[in-house]
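In case you want the letters, here they are:
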Amino acid sequence: MKAIAHRNGSTPAKHSAVPTIDQVMIEERAGAFAKRSIKTSAKLEGLKLAISMMDLTTLEGKDTPGKVAFLCRKAMQPLDPRYNVPSCAAVCVYPNLVRAAKKFLGDSGVKVASVATAFPTGLMPTKLKLQEVRSAAGDGADEIDMVINRGVFLAGEYDRVFDEIAAVKEARGDAHLKVILETGELQTYDNVRLASEIAMRAGGDFIKTSTGKVSPAATMPVTLVMLEAIRDFFYDTGIRIGMKPAGGIRNAKQALAYLVMVKETLGDDWLTPDLFRFGASTLVNDVLMQIVRVVDGNYQSSDYFSLP
């Protein structure tokens, strides 16, 4: 059992034990969620809910304002209005494109998220990371997606990880803070659980599995470990923390299984874009195709859907 400081307190008044994870049990339980059958009416509702929870993302060296504008249009209206599909939750871009995204989204209600803190590696002096965070927030980012320094975490320097998250929390202004753990590099479920606890105690509003740049990215067992950490944190503090699995979720069936897992682990209160997101731009078109199939009774060609 490991112990770490409490949320928003530089000097812990109390220490919280972090449980070890039973690998066999967590994998069996996570696998069971993918086997649930869902009725057609509930399926359509679930698919539309999944769209409302998606962060459409473009994080490439060739990103331009034009590409961001295209992504923003898709986020605002993912499908023909006759299907009554909600807008996506957010568009996620690099800090230099926050202003462009903000301009294109206007008052649509779609949030602008920006990666920061030397995404995706986290390998930059803290001072420069904080400058990047302040710049993105100053340009209008509604959400900041920071990455932890996995090397520091794996070296056992948990206080440094905690302090950097807390510093980013202070620098981000009014923006919500999502803390990316990059679970594919954390090696064990115990490390995922501990990193989740540190991120929440240090002030993260969301915890997020991955950058999408490392494999494996989101998996159901890893996400379940993080959901259980969120549940226990809520029982301890009364504070609701959001969850975002990112990368590796490619089809509607997987997305629905994740929603079932959230409902059964955390309850209906978390079935909202305010507390659950998908970071999977490759997922959106498959979900849209399934919505069309349920409504019209047949599939549209994939050419019918614009690329995310």
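Residues numbered from 1 in each chain as written. Predicted model: local features only at pLDDT ≥ 70, side-chain atom pairs only at ≥ 80, totals over all residues. Heavy atoms only, no water.

The subject of this paragraph is the overall build of the protein chain. A count of helical and extended segments in the protein chain gives 11 helices and 9 strands. Radius of gyration (C-alpha) of the protein chain: 19 Å, near the 19 Å computed for a compact globule of 308 residues. Seen through its principal axes, the protein chain has C-alpha atoms that stretch 55 × 45 × 30 Å. In the protein chain, which comprises 308 residues, the proportion classed as buried is 53%. Put simply, 75% of the contacts in the protein chain that link residues at least 6 apart link residues at least 24 apart. Counting only carbon and sulfur atoms, one obtains 50% of the accessible surface of the protein chain, whose full area is about 13,400 Å². (Helix = DSSP H or I, 4+ residues; strand = E, 2+ residues; numbered from the N terminus. Rg over C-alpha atoms; globule rule 2.2 N^0.38 Å. Buried < 20%, exposed > 50% of the residue type's maximum accessible area, 1.4 Å probe, protein only. Contact = heavy atoms within 4.5 Å. Areas by Shrake-Rupley, 256 points an atom, 1.4 Å probe, with all protein chains shown as cover.)

The full count for this structure, using the stated rule, is 6 aromatic pairs. Ring geometry for tyrosine 94 against phenylalanine 119: centres 6.2 Å apart, planes inclined by 75 degrees, an arrangement best described as edge-to-face. In this pair, tyrosine 94 is assigned in the loop between strand E4 (90-93) and helix H4 (98-105) and phenylalanine 119 in the loop between strand E5 (111-116) and helix H5 (126-138), connecting sequence segments 25 residues apart. Under the relative-accessibility criterion, tyrosine 94 is labelled partly exposed at 22%. Of the residues examined, phenylalanine 119 reaches a relative accessible area of 9% and is grouped as buried. Aromatic pair phenylalanine 234 and tyrosine 235: ring centres 6.3 Å apart, planes at 45 degrees, arrangement tilted. In this structure phenylalanine 234 comes out as partly exposed when scored by relative accessible area, which is 22%. Assessed through its relative accessible area of 64%, tyrosine 235 is described here as exposed. Put simply, the rings of Phe234, Tyr235 and Trp270 touch in pairs and so form one group of aromatic residues. (Phe/Tyr/Trp six-rings, centres within 6.5 Å; stacked < 30°, edge-to-face > 60°.)

A separate point is the sheet that holds strand E9 (residues 242-244). With parallel pairing, the 7 strands of this open sheet are ordered in space as E3-E4-E5-E6-E7-E8-E9. Single-partner strands in this sheet number two, and they are strand E3 (55-57) and E9. The sheet shows a mean angle of 25 degrees between the axes of neighbouring strands, direction not considered. Across 3 bridges, the pairing between E3 and E4 is parallel. Bridging from a neighbouring strand, leucine 56 pairs with valine 91 of E4. In the packing of helix H9 (residues 220-237) onto the sheet, the strands contacted are strand E8 (206-208) and E9, and the crossing angle to E9 comes to about 170 degrees. (Pairing = 2+ DSSP bridges. Axes fitted to C-alpha atoms, helices over the stretch in contact; angles between N-to-C directions.)

In this structure the tally under the stated criterion is 0 disulfides. In this structure cysteine 72 is not part of a disulfide, and its nearest cysteine sulfur, from cysteine 88, lies 11 Å away. Note on cysteine 72: relative accessible area 0%, which makes it buried. Given a relative accessible area of 3%, cysteine 88 falls into the buried group. (Disulfide = S-S within 2.5 Å.)

Scanning the model with the defined rule gives 26 salt bridges in all. A salt bridge links lysine 67 to glutamate 60; its shortest N-O distance comes to 3.0 Å. The class for glutamate 60 is partly exposed, based on a relative accessible area of 36%. The salt bridge partner of aspartate 296 is arginine 82, with a shortest N-O separation of 3.3 Å. Here arginine 82 lies in the loop between helix H3 (65-76) and E4 and aspartate 296 lies in helix H11 (residues 284-296), a separation of 214 residues in the sequence. Owing to a relative accessible area of 30%, aspartate 296 belongs among the partly exposed residues under this scheme. By relative accessible area, arginine 82 is classed as exposed at 56%. It is possible to trace a salt-bridge network through shared partners that takes in Asp55, Glu143, Asp145, Lys178, Lys208, Lys244 and Arg277. (Salt bridge = Lys/Arg side-chain N within 4 Å of Asp/Glu carboxyl O.)

Honestly, that's just the spatial picture; any functional story needs more than this.
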